Amino acid sequence: MKAIVCHKYGPPEVLQLEEVAKPVPKDKQVLIKVHATAVNSADWRLRKPDPGAVRLFFGFFGPRKKILGGVLAGVVEAVGSKVTRFKVGDRVFGSAAMSFGAYAEYVALPEKAILVKMPAKLNYADAAALPFGGLTALSFLQKVNIQKGDKVLIIGASGAVGCAAVQIAKALGAKVTGVCSAANVALVKSLGADEVLDYTAPGYRLPDAAYDVVYETVQSLPFASKLAALKPRGALLMSDAGIGETLRGLWTSWVSQHKVVVGMAGETVPGMQTLSMLNAADKFRAVIDQSFPLERMAEAHRYVEKGHKKGNVVVSVG
């Protein structure tokens, strides 16, 4: 099969298209013919690596997993003898998590992987664009008890996580304000935001004590500014926090009335089922900036690494 292989860390050019052995599913695995995957910030950070601490978990001298790719949409082609959740022909989408391997024509994943069946009307490109931002946003928003009418601010509302967060917060009944550049205001409004703030506008600043929840999906504002925008007992969510902000957030939760949520997103099968149901109910849709074929994976990485994409970048496979 064809796959994008990463033998060493480095620039996008380290991603090479090669012919490799097609995987054979074990007893409790499913073999998926991949139709589409996506490139997100986690992908290029693993490839680079950035931060350098990635080496401690992913391989010190080079990536232990040579085929990257964390999200996918495709068709179950074969199942192991002990598989009961899926059958041949099922259209599935989800996350390969730490198994990776989605940058290929086929991937074998455990039956218990973060996969669910696709809604009937969903196509493969859109399906591949939903899991990364959707699972991250859902995981963080579920850590606070959002009530109908709560005011929620989404910073970085036009990125993969931000686009998902706007839609999911609206589905939870919140009044949503998005923060993005002028070029993306129309997009964020189309996702359901009640108000959009243009951070490039003269005199831009967040209002004081205005929001029940502030969700920072990118590292763009000083910690104090985000905290000042919260109402008393409000919650600050940071899914892209560095070490400094993480430590400050933990300390703030300890000594103040504000709740600060940091850490890793929880990717789960129930989370994927929720995203699937929201999509089927027309409350959560994919936002695709650009699409690339598999052989142009390096170009896709280069584009995503610039940090200006709207929503997701999808890669078609096969």
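Structure's up top.
Note that the structure is a prediction, hence the values are computed from the model and not measured. (Residues numbered from 1 in each chain as written. Predicted model: local features only at pLDDT ≥ 70, side-chain atom pairs only at ≥ 80, totals over all residues. Heavy atoms only, no water.)

Could you clarify how one ought to interpret the packing of aromatic side chains in this entry?
For any two aromatic rings, the description comes down to two numbers: the centre-to-centre distance and the angle of the planes. Counted according to the given criterion, the structure contains three aromatic pairs. Aromatic side chains F58 and F100 sit 5.2 Å apart centroid to centroid with 65° between the ring planes, which places their arrangement in the edge-to-face category. Placement of the pair is F58 in helix 2 (residues 54-58) and F100 in the loop between strand 5 (91-95) and strand 6 (106-110), with a sequence separation of 42 residues. Each member of the pair, F58 as well as F100, carries the same accessibility label: buried. When the ring of F60 is compared with that of F61, the centres are 5.1 Å apart and the planes differ by 80°; the resulting orientation is edge-to-face. When the ring centre of Y124 is taken as reference, the NZ or CZ atom of R91 above it lies at 5.3 Å. Lying across the ring of F140, K143 places its NZ or CZ 4.7 Å from the centre. (Phe/Tyr/Trp six-rings, centres within 6.5 Å; stacked < 30°, edge-to-face > 60°. Helix = DSSP H or I, 4+ residues; strand = E, 2+ residues; numbered from the N terminus. Buried < 20%, exposed > 50% of the residue type's maximum accessible area, 1.4 Å probe, protein only. Lys NZ or Arg CZ within 6 Å of the ring centre and 35° of its normal.)

Whenever I open this one, helix 9 (residues 269-280) confuses me. Can you help?
In an α-helix, one turn spans 3.6 residues, which is why side chains three or four residues apart end up on the same side. Taking 1.5 Å of rise per residue, the twelve residues of helix 9 would be expected to cover 16 Å, and the 16 Å separating its terminal C-alpha atoms lies within 8% of that figure. Taken together, the buried positions of helix 9 are occupied by V269, G271, M272, L275, S276, L278 and N279. Close packing links the buried residues of helix 9 with strand 5, strand 7 (114-117), helix 4 (131-141) and helix 5 (160-171). The opening residue of helix 9, the one whose side-chain oxygen lies 2.9 Å from the backbone nitrogen of G271, is T268. One or two steps after helix 9, the chain reaches D282, where phi turns positive at roughly 60°. (Expected span 1.5 Å × (residues − 1). Contact = heavy atoms within 4.5 Å. Polar contact = N/O pair within 3.5 Å; in protein donor to acceptor, adjacent residues only side chain to side chain.)

What should I look at first to understand a nonpolar patch on the surface in this one?
Judged by side-chain polarity, L56, F57, F60 and F61 come together as a nonpolar surface patch covering roughly 580 Å² of accessible area. Summarising the element assignment, F61 is placed in the loop between helix 2 and strand 4 (71-79). On the accessibility criterion, F61 (77% relative accessible area) is exposed. (Patch = residues over 30% accessible without salt bridge, like charges linked within 9 Å, V, L, I, M, F, W, Y side chains within 5 Å. Areas by Shrake-Rupley, 256 points an atom, 1.4 Å probe, with all protein chains shown as cover. Salt bridge = Lys/Arg side-chain N within 4 Å of Asp/Glu carboxyl O.)

Explain the sheet that holds strand 11 (residues 211-216) here, please?
Remark on secondary structure: sheet strands pair via backbone hydrogen bonds, oriented parallel or antiparallel. With respect to topology, six strands assemble into an open sheet ordered 10-9-8-11-12-13, the strand pairing being parallel. Of all strands in the sheet, those with a lone pairing partner are strand 10 (195-198) and strand 13 (259-261), marking the two edges. Neighbour-to-neighbour, the strand axes of the sheet open up by a mean angle of 15°, direction not taken into account. Docked against the sheet, helix 5 engages strand 8 (151-155), strand 9 (175-180) and strand 11, running at close to 170° with respect to strand 8. (Pairing = 2+ DSSP bridges. Axes fitted to C-alpha atoms, helices over the stretch in contact; angles between N-to-C directions.)

Hey, could you run me through the environment of R233 in this one?
Considering the arrangement of structural elements, one finds R233 in strand 12 (residues 230-238). Note: C-alpha distance between R233 and Q257 (24 residues apart in sequence) is 5.0 Å. Setting aside chain neighbours within four positions, we find R233 in contact with Q257 and H258.

Please clarify how helix 4 should be interpreted in this entry.
Counting buried positions along helix 4 gives eleven out of eleven residues, so the element sits mostly inside the fold. What helix 4 keeps buried is the set P131, F132, G133, G134, L135, T136, A137, L138, S139, F140 and L141.

Please clarify how the state of the cysteines should be interpreted in this entry.
A covalent bond bridging the sulfur atoms of two cysteines is what the word disulfide describes. A full pass over the atoms with the stated rule returns zero disulfides. We note that C163 lacks a disulfide partner, and the nearest cysteine sulfur, in C180, lies 8.9 Å from it. (Disulfide = S-S within 2.5 Å.)

What exactly am I supposed to notice about unusual backbone geometry here?
The bulk of non-glycine residues show a negative phi, and the bulk of peptide bonds are trans. Here the bond from K48 into P49 is cis, since omega is -15°, no more than 30 degrees from zero. Looking at the secondary structure, you find P49 in the loop between helix 1 (41-47) and helix 2. Phi is positive for A209, close to 45°, though the residue is something other than glycine. Inspection of the secondary structure assignment puts A209 in the loop between strand 10 and strand 11. Phi is positive for R233, close to 65°, though the residue is something other than glycine. Taking relative accessible area as the criterion, R233 reaches 62% and is therefore assigned exposed.

Even after reading the chapter, I still don't get the packing of helix 4 against helix 5, so can you show me in this structure?
Relative orientation and spacing of two packed helices are given, respectively, by the angle between their axes and the distance between those axes. Relative orientation of the contacting elements helix 4 and helix 5 amounts to 55°, with a least axis distance of 8 Å. It follows from the interaxial angle that helix 4 and helix 5 lie oblique. Crossing of helix 4 over helix 5 shows right-handed handedness. Across the interface between the two elements, F132, G133, G134, T136, A137, L138 and L141 of helix 4 pack against A160, V161, A164, A165, I168 and A169 of helix 5. Residue composition of the contact of helix 4 with helix 5, by class: ten nonpolar, three polar and no charged. (Parallel < 35°, antiparallel > 145°, perpendicular 65-115°, else oblique. Left-handed = near helix turned anticlockwise from the far one by under 90°. Nonpolar A, V, L, I, M, F, W, Y, C, P; charged D, E, K, R; others polar.)

What exactly am I supposed to notice about the side chain of E216 here?
With respect to the element layout, E216 can be found in strand 11. Here the side chain of E216 touches V218 through a polar contact of 3.3 Å, landing on its backbone nitrogen. Setting aside residues no more than four positions away along its own chain, E216 makes contact with I155, L221, K226, L237, M238, S239 and D240.

What's the story with the packing of helix 4 against helix 9 in this structure? I'm lost.
Close contact between helix 4 and helix 9 brings their axes to 10 Å; oriented N to C, the two are set at 110°. Overall, the two elements helix 4 and helix 9 adopt an arrangement that is roughly perpendicular. Taken together, the residues of helix 9 that come into contact with helix 4 (itself represented by P131, G134, L135 and L138) are G271, M272, T274 and L275. Considered class by class, the residues forming the contact of helix 4 with helix 9 number five nonpolar, three polar and no charged.

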